[in-house]
Amino acid sequence: MAPRYTARTRVSHQPGPPCYLQRLSADTLVDDVFIYLHVEDVLCLRRVNKAFYILSHTPSIWKRLLIRLQRLRYPIPPLPPLQRNTFSNIDLDVEQLVIRSITVDENWKSTSSPRLYNKALINAGACVVDMKLAPGGKYLLVSTNDASNQHCYLTVFLMDHPDGPQALARVHTTSKAYHLEVRYANLWGCWGLWVAFVRRALKLAPDKDTYGGQQPVYEYYCNIDLSDLSHETEIDPPPGYVIHYEVVCYHIPLETLEMLSDPRLFAGCPQFIKKVQDAPEPFNDIGGFVSVGAISNITVFQYQSKPRFVAKLGDKCIICAAMVDPNRNELSIMSIAPVPNFEHNEYVIEAVHPIPNQGSLLVARKIHVGREFCMAALEIYDIPTTTGQGIHEAKHRLTLTDRDIVSIQISGCESPITVPEEILSSGPPDPISIYVRMKQPGVSHYSLYPALVNLPINKFGLGPRRYRFTLDEKNLIVQSVHLTRPYDCRVLPAVHRSILYNLLDAHLHPAVANIRRHHSASNVPADEKCVYKPPVLEDEQVTRHGRPKVPKKIYVTVDTPGLTDEINQNGGLSAITWDEGIGRLCFATGNDSSIRMLDYGQSTHPDSRLQKWKAELADRERRREIWEDIRYF
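What comes next concerns the included structure. (Residues numbered from 1 in each chain as written. Predicted model: local features only at pLDDT ≥ 70, side-chain atom pairs only at ≥ 80, totals over all residues. Heavy atoms only, no water.)

1. Overview of the overall build of the protein
Alright, step 1. Broken down by element type, the protein carries 10 helices and 31 strands.
Alright, step 2. Out of the 633 residues belonging to the protein, those deemed buried represent 50%.
Alright, step 3. Of all intrachain contacts in the protein linking residues separated by at least 6 positions in sequence, the fraction that spans at least 24 positions is 63%.
Alright, step 4. Only carbon and sulfur atoms are counted for the fraction: they give 51% of the accessible area of the protein, which is about 32,400 Å². (Helix = DSSP H or I, 4+ residues; strand = E, 2+ residues; numbered from the N terminus. Buried < 20%, exposed > 50% of the residue type's maximum accessible area, 1.4 Å probe, protein only. Contact = heavy atoms within 4.5 Å. Areas by Shrake-Rupley, 256 points an atom, 1.4 Å probe, with all protein chains shown as cover.)

2. Considering unusual backbone geometry
Alright, step 1. Across the junction of Q440 and P441, the peptide omega takes the value 5°, indicating a cis bond.
Alright, step 2. Take P441: it is sitting in the loop between strand 20 (432-438) and strand 21 (442-448).
Alright, step 3. R485 connects to P486 through a cis peptide bond whose omega is 10°.
Alright, step 4. Residue position: P486 is located in the loop between strand 24 (476-483) and strand 25 (488-492).
Alright, step 5. Phi angles above zero are rare outside glycine, and Q304 is one such case at about 55°.
Alright, step 6. By the secondary structure assignment, Q304 is in the loop between strand 10 (295-303) and strand 11 (306-313).
Alright, step 7. Located in the positive-phi region is S305, a residue other than glycine, with phi close to 65°.
Alright, step 8. Judged by relative accessible area, which is 76%, S305 ranks as exposed.

3. A word on the pairing of strand 8 (residues 241-253)
Alright, step 1. Burial analysis of strand 8 places 11 of its 13 residues in the buried class, the great majority of the element.
Alright, step 2. By the bridge criterion, 13 bridges tie strand 7 (residues 190-204) to strand 8 in an arrangement that is antiparallel. For L204, the partnering residue across the bridge sits in strand 8 and is Y241.
Alright, step 3. Sheet topology places strand 8 next to strand 9 (residues 284-291); 6 bridges connect them, and they run antiparallel. By the bridge assignment for strand 9, V248 is matched with G288. (Pairing = 2+ DSSP bridges.)

4. Topic: the nonpolar core
Alright, step 1. Of all hydrophobic cores here, the largest spans 27 residues; its most connected members are Y139, V156 and L193.
Alright, step 2. The set of elements that each furnish at least two residues to this core consists of strand 3 (139-145), strand 4 (152-158), strand 5 (166-172), strand 6 (178-187), strand 7, strand 8 and helix 7 (254-260).
Alright, step 3. At 4 residues, helix 7 tops the list of elements feeding residues into this core.
Alright, step 4. Filtering out sequence-adjacent residues up to four positions away, Y139 remains in contact with K132, L133, A134, V156, F157, L158, M159, L168, Y184, L193, L254 and L257.
Alright, step 5. With 24 residues, the next largest nonpolar core counts A185, V247, F289 and I333 among its residues. (Core = buried A, V, L, I, M, F, W, Y, C linked by side-chain atoms within 4.5 Å.)

Next up, the structure:
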C-alpha cells in the first residue's frame, strides 16, 4: 500500500543530473545548437537566466531565422538599410521582422477575426489629407492641413519608437499634398526615403503670343485657394486661369532619421538640440514635374541606376521621369496606341505598375464598350529611356472577362526576378495582384504569375534562364470574386494580404459599414515552373507547428471592438493606409486630428534589462581579465 503523506511529512528533493549546456561557449551555442531551435524555443530560453536572456538576443540567431522565412516564401517586408552601429537597440529590427512576419501570417490565415496585438493614438496636429506607410511600416508619411488652409505640412513619423510613435520632421508644402508615395532608395550614393506627392495651384493662363510660345514663369495668383476644395473632385478653373499639377519629390536621408529617432535622447534636451542644429535639412528637394493635366497614380522606382517615377497624366497619357541629378530630370510622355478592334472606343488609363527588373510597365486601362459596360485591357510596355513625347505600342496584351468595371488597382512585390541557374530552385518571384472593382458592386482579384523563359544563347552555347511577367491566359489566374451588395467597396491592395472596406455613403469622408481582411486564395497556374513549392524539411521549419495553410474563408470581417463606430462618429474616413508585411493599419477621420494605428502582428520591444545585464557581463569579464593578468605576473 502506498504511504500517505501528511503535512508533517518531509520530502527530500534530490538534485537532478548536472546540466553541462551552460559550460559550452557562447559561439558553440549560437552556431551549433541554436540552429536547430524554432522561434518558440528561442523565446522560451529567455526565461531561464540572464545568460540565455542575453544570448537569445544575438542578431545572428534571428538573421538565420529570417533566411528560413525567405526560403519558405513568407511575405517579408524589406529591412531598411540602416547604419548598423548608431545605437544599441537597432539589432531588434531583425528580431521584430521575424516575429511580425510569423504572427501576421498566422493571424491573417485564421478562420476567425484577426487578433489585434497593439494600438496607438497619434496626434497629427491638424486634419489629415493623406498618408502612406513606408515599406515595412517603420515610417509613416502624413499630409496635414489646418482649418485656415494656410499651414499644409508633410510630416514623417517613426512608428516603432520605445516611447510610442514620434514625429521626426516636417516640411511646409504650400498647398495640400495628396497621392503620397514613399520607397527606400539609394539616390546618388545616399540611402533614404524617396517621397513623392502631388500638389496643385491656380495660376494665370499663359499668353502664347506675348511669350513667343515659351512657358512663362507665373507670378500672379488669384484669390481662390484650392486647399479649400477636395483633391478628388474635378474643378473647372475660372476664365483666364489654369490649374497646375506639380509632382514634388523629396529625399530624406536615413542617417538623419536615425539621429532624430535615437531613443537615448528626448526632444528638448541639450544633446538633442545640438544634434538637430548640426544635422542637415531632413527634406531634400530633388525636383519634379509641372503639368496642366491631372496627375495621379504615382509610383517611384529605380531602373538603369537612375531613380524614376511614373504616373498617369490625365486619362490617356503616362509620364515617366528619370532623375539625373537633383537639378535635372529627363521626361518622357507616353501616348499609348488604341486596342485593335476598339480604335474608336473611349478608354481611360486606370493603373500603371513598373516592373524594373525586366524594363517594363504593366498598364491597365478601361475601355467603354457601350453606354453601360466597360471592359479592361492589361498591357505591357517598355520603360521609355528617351525624352520627348510619342505613341507607344504594347508588347503584350490581354483582355479581362469582367464587363462592368469601375476601377483597377495593381500591387506587386519589389523582389528581383532574375534568378541565376545555380539557385533556380529558389523559385520565381511573387505574383502581381490585380484588383478589379465592379458596378455590381464587388471586387475581382487576379494574380499574374511570371513565366520561365530562355534568353538568347551566348557565344559559349549557354543561355540564362529568367522569370518574366508576360500576359498569357495561362499565367493570369482568377483568385476570387467577392460581391458586397448593397455596399460599395474600396480595396487597399497588396500581393497576399489586403484590406477591403465597405462604404455606407459616397461623401468626401464616407462612413464605413465594415472592414474585412482578405487573403489571396493562392490558386496557381497549371505550369508548375511558375509556382514555388518550399521543401518540407524539419530543419527548415521556423515554428513548432509549421506554417498554416491558406484558409477557405479568404474574406473575414475584422471584429475589432468599436472600430467602425469610431470612424463614423468622428466624421467618416479621411485617409487610410496598410502594410501587409507587418500587418499595420493606420487611418484618420474627418473631424479629428488624430491617427489610429492598429497592429495585427506581434512585436518585441526593447527591454532596459538587456543593456543593464550586458553592462554587468562586460564588467565581470573585464574584472576577470584583470585578475588573470595579476595572477600571471
